[in-house]
Amino acid sequence: MKRLVILGGGTAGTMVANKLRAALGRHELHITVVDRDDAHHYQPGYLFMPFGIYNTTDIVRSRHRFLADGIDLVLTEIDRVDPSFRVVHLADGRSLSYDHLVIATGVSPRPDATPGMQGPLWGDKIHEFYSLPGAQALTEAMRRFRGGRLVVHITEMPIKCPVAPMEFTFLADDWLRKHDIRERTELTYVTPLDGAFTKPVASRELATALVDRQIALETDFAVEHIDNDTAELVSFDGRRIGFDLLVTVPLNMGADFVARSGLGDELNLVPCDQHTMVSLAHPEIHVLGDAGTLQTSKAGSVAHFAVDVFTHNFVAEFNGRPATHGFDGHANCFIESGGRKGMLLDFNYATEPFTGNFPLPVVGPFKLLKETHLNHLGKLAFRWIYWNLLLPGRPIPMIPTTMSLAGKRVETDVTPAGTGLPQAAAPSSPAPGPKPSTPKAAPTKPSTPRVEAKQPATRPAAAPATPARPVAAGVGAGGYTDRPGVDSTADPGTVLPAPIIPKF
Amino acid sequence: MPTTMISGRPIDVNDEGFLVAYDQWDSKLGAELGRLIGIELTDAHWGPIRFLRMDYPARGETATLRRVSTVGGFAIKDLFALFPGKPAKKMAYIAGLPKPKGCV
């Protein structure tokens, strides 16, 4: 019998445990889930708490209730993973050996990473809503708020649920209006990126969303510290933004045991393959949910689609068949925009959010990138879907694992001022494709497995003896060798004579 | 996707002017990209630029300021002095890599 240990009993860990329990018999695979406590939080619900829409009882359930029979749940902190001996050391002194390990411990807000964030103003004028205690404290702060400067701030990307700060801003605008203090409030959105929206079609569609609501925007803001004497955010380039109430999203980092185990990057995220979620360093370690380095949103919908792909591949390989599925980076997110309206985003690695209808062409019923009441209802309905369909591992009607272009108004070459084409930054393609070629002097990772339909899997899981080579972490700049650039192969007749210089 | 002449060579870029092919870049081109945005590259500039070039292939995404600082060992304050205003974006441009982005 093989042993699977799943670290983290949150969205991804619970889903994958239940799906694998249903797919493989107890005599074939022993499944153990490890988490520090028995409280499963519906994290998307934190956003609604400060506005009195949800309270704690809407958001917290016991973890074990959502794990199927035949899954062991161990409640303790994780000390570290020892990949060479395939054993997990727990804080209470016990250890768990594994044949396969799933790391699904997500990311958490780290207010201590920014100087001054947890100073005297923490919990008074400085708040966050990415944890239950944080959302509870902010609920009180919003109740006491009588107008002034309300600043919503993102410390650094990536963060989980990357649109949540914008949703908070929209909901705050709506809430302040309802409480007749909007006119007495200066609402500012502060982002480290170069715009509130950075994808071409989304920026165009949502260009007026902030202006219409009289929300000020501060971009390219890299916070250096928070001045508690003057109640100001201070950036590395000397900009200062004063606040009466600061709602910040602290730096998000993976779990500390990831660092102690030598498995993470500078944010304790576990480098993993973009299409198979297999650790780049250890083929028997898999990363699901927010804990890895997938270049798509850290969101429950991504965890859901990735778990589907992973489960399919895991069961196939367990039964000696090739793994045939590759994750495409699919994300599907309802966005609250206030006034009982919402928007819907559907995208993947290769496709930016477009307008259109979802999930069916023409009839929808949901509208992509448009504010509608139905999208808002979809968001509220999702809490029921989460507890009753998603966690138990039941299929969600109409929502495919792989993103579909049906119903989407596909546009190319849309580049509003200040935005770039996302393709340049996205991983190569929805299915594994050629990666940018690597200079010979640069360190290389283990060859990326190609997982395509009708092709034998080359995932190294079957050959655990494959030596794990170091990932890029830790490289210095000293060993870089310059190589002559290769010219574009574009038709010379189409080449523009002068370079395009970005606006900075 | 446009192709433009830079440093006497045809180079593929996006509509904003950022390079889209890792292989088309070399240090001569990097120096020219710096000049185009008003930065004369010194040894101090080349350190983080080389780090970005070296870090990208295995990661598939441009290193963040935090990564340039914690893994590459370059102080963020210094990066703001070397690449004024928007160091992450300017370094990405000069190194011929995609700029940092969000999901919408």
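Since this is a predicted model, take the numbers as computed values, not measurements.

Draft legend 1. Seen up close, the overall build of chain B. The secondary structure content of chain B amounts to five helices and two strands. For chain B, the sequential pattern of α-helices and β-strands runs β-β-α-α-α-α-α. Taking the principal axes of its C-alpha atoms as reference, chain B extends roughly 35 × 30 × 25 Å. In chain B, which comprises 104 residues, the share counted as buried stands at 65%. The contacts of chain B with a sequence gap of at least 6 include a subset with a gap of at least 24, amounting to 44%. For chain B, the accessible surface area stands at approximately 3300 Å², while carbon and sulfur atoms represent 53% of it. Taking the average place of the 14 positive charges on the side chains of chain B and the average place of its 11 negative ones, the gap between the two points comes to 6 Å.

Draft legend 2. Region of interest: the pairing of strand β1 (residues 3–6) of chain B. All names here are of chain B. By the bridge criterion, four bridges tie β1 to strand β2 (residues 9–12) in an arrangement that is antiparallel. Bridge pairing in β2 links I6 to R9. Hairpin connection from β1 to β2: two residues lie between these consecutive antiparallel strands, with S7 at a positive phi of about 55 degrees.

Draft legend 3. How the structure looks around the confidence of the model for chain B. Residues and elements named next belong to chain B. With 97% of its residues at a pLDDT of at least 70, chain B reaches an overall mean of 93. Averaged over each element, pLDDT in chain B is lowest for helix α3 (residues 65–70) (92) and highest for helix α1 (residues 27–36) (97). Here the complex is predicted with pTM 0.87, and the ipTM for its interfaces comes to 0.91.

Draft legend 4. Seen up close, the interface of chain B and chain A. Facing 59 residues of chain B, the contacting portion of chain A comprises 66 residues. Roughly 5800 Å² of surface becomes buried between chain B and chain A when both sides are summed, with 62% attributable to carbon and sulfur atoms. Where chain B touches chain A, the interface holds eight salt bridges. Applying the counting rule to chain B against chain A returns 20 residue pairs in polar contact (both at pLDDT 80 or more). Looking at the side of chain B that touches chain A, the elements that each hand over two or more residues are β1, β2, α1, α2 (43–59), α3, α4 (76–82) and α5 (87–94) of chain B. Take the side of chain B that touches chain A: its biggest share by element is 10 residues, from α2 of chain B. Split into classes, the residues belonging to the side of chain B that touches chain A amount to 28 nonpolar, 12 polar and 19 charged.

Draft legend 5. Representation of the pattern of salt bridges within the structure. As enumerated under the stated definition, the model contains 37 salt bridges over all chains in all. Across the pair R110 of chain A and D256 of chain A runs a salt bridge whose closest N-O atoms are separated by 3.1 Å. With R110 of chain A in strand β10 (residues 107–110) and D256 of chain A in helix α7 (residues 256–260), the pair connects residues that are 146 residues apart, well separated along the chain. With relative accessibility at 41%, the residue D256 of chain A sits in the partly exposed group. Between D194 of chain A and K89 of chain B there is a salt bridge, and its shortest N-O distance comes to 3.0 Å. Residue D194 of chain A is found in the loop between β13 (185–190) and α5 (200–205), and its partner K89 of chain B is found in helix α5; the two belong to separate chains. For the pair D194 of chain A and K89 of chain B, one class covers both residues: buried. Each of D194 of chain A together with E16, K89 and K99 of chain B takes part in one network of salt bridges that share partners.

Draft legend 6. Broad picture of the packing of aromatic side chains. Residue and element names in this part refer to chain A. By the definition in use, this model includes 18 aromatic pairs over all chains. Relative to F168, the ring of F51 lies with its centre 5.0 Å away and its plane at 45 degrees, an arrangement referred to as tilted. Of this pair, F51 sits in the loop between β3 (39–41) and α2 (56–59) while F168 sits in helix α4 (residues 164–178), and the two are 117 residues apart along the sequence. An identical accessibility class is assigned to F51 and F168; each is buried.

Draft legend 7. Here's a closer look at the sheet that holds strand β15 (residues 223–227) of chain A. All names here are of chain A. The sheet built from three strands is open, its strands ordered β15-β16-β17 with antiparallel pairing. One side of each edge strand has no neighbouring strand; the edge strands of this open sheet are β15 and β17 (240–242). Taken over all neighbouring pairs, the strand axes of this sheet differ in orientation by 20 degrees on average, direction set aside. Pairing between strand β16 (residues 232–235) and β17: three bridges, direction antiparallel. Bridge pairing in β17 links V234 to R240.

Quick notes on the rules
- Residues numbered from 1 in each chain as written.
- Chains lettered and ligands numbered in written order.
- Predicted model: local features only at pLDDT ≥ 70, side-chain atom pairs only at ≥ 80, totals over all residues.
- Heavy atoms only, no water.
- Helix = DSSP H or I, 4+ residues; strand = E, 2+ residues; numbered from the N terminus.
- Buried < 20%, exposed > 50% of the residue type's maximum accessible area, 1.4 Å probe, protein only.
- Contact = heavy atoms within 4.5 Å.
- Areas by Shrake-Rupley, 256 points an atom, 1.4 Å probe, with all protein chains shown as cover.
- Lys, Arg positive; Asp, Glu negative; His and termini not counted.
- Charge placed at Lys NZ, Arg CZ, Asp CG, Glu CD.
- Pairing = 2+ DSSP bridges.
- pLDDT = per-residue confidence, 0-100.
- Buried area = accessible area lost by both parts, 1.4 Å probe.
- Salt bridge = Lys/Arg side-chain N within 4 Å of Asp/Glu carboxyl O.
- Polar contact = N/O pair within 3.5 Å; in protein donor to acceptor, adjacent residues only side chain to side chain.
- Nonpolar A, V, L, I, M, F, W, Y, C, P; charged D, E, K, R; others polar.
- Phe/Tyr/Trp six-rings, centres within 6.5 Å; stacked < 30°, edge-to-face > 60°.
- Axes fitted to C-alpha atoms, helices over the stretch in contact; angles between N-to-C directions.

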